[in-house]
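Listed below are the residues making up each chain.
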Amino acid sequence: MLDQLYSTADAYLAELAAKTGGRMLRADTVESLPEAFAKIAAELRTQYAVGYYSTNNARNGEYRKIKVKSTRKNVVLRARPGYRAPSS
């Protein structure tokens, strides 16, 4: 039963990371925590935030897909796949 709960939690966290544009790092043991924290710290030092204002002013609550691209080579881009428009 514990394996099933772990598997369910793991799948939930992976889905949450994908939907928010993040990534999931596993630290299954206390010994693996320093490496996971080092990766997180390195990533935070090289992260940029990009924002924009949609030209679609409709306040209809619909889901809108987004795609982020770069002209630079050797760049890793992670972004959420879309967002829900505000509703009136």
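This text follows the structure it describes.
Residues numbered from 1 in each chain as written. Predicted model: local features only at pLDDT ≥ 70, side-chain atom pairs only at ≥ 80, totals over all residues. Heavy atoms only, no water.

For Ala27, the location among the structural elements is in the loop between helix H1 (2-20) and helix H2 (33-45). The spacing of Ala27 and Gln47 is 20 residues in sequence and 22 Å in space, taken between C-alpha atoms. The contact partners of Ala27, leaving out residues within four places of it in the chain, are Ser32, Leu33 and Ala36. (Helix = DSSP H or I, 4+ residues; strand = E, 2+ residues; numbered from the N terminus. Contact = heavy atoms within 4.5 Å.)

Below, the discussion takes up the pattern of salt bridges. The tally for this structure, following the rule as stated, stands at five salt bridges. Glu35 is the partner of Lys39 in a salt bridge, and the nearest nitrogen-oxygen pair spans 3.4 Å. Placement of both Lys39 and Glu35 in helix H2 is noted, with a separation of four residues, approximately one turn of the helix. Of the charged contacts in the structure, one is a salt bridge between Arg78 and Glu43, with a shortest N-O distance of 2.4 Å. You can see Arg78 sitting in the loop between strand S1 (63-65) and strand S2 (82-84) and its partner Glu43 sitting in helix H2, a full 35 residues away along the chain. According to the relative accessible area criterion, Arg78 is partly exposed, its value standing at 35%. Each of Arg23, Glu43 and Arg78 takes part in a single network of salt bridges with overlapping partners. (Salt bridge = Lys/Arg side-chain N within 4 Å of Asp/Glu carboxyl O. Buried < 20%, exposed > 50% of the residue type's maximum accessible area, 1.4 Å probe, protein only.)

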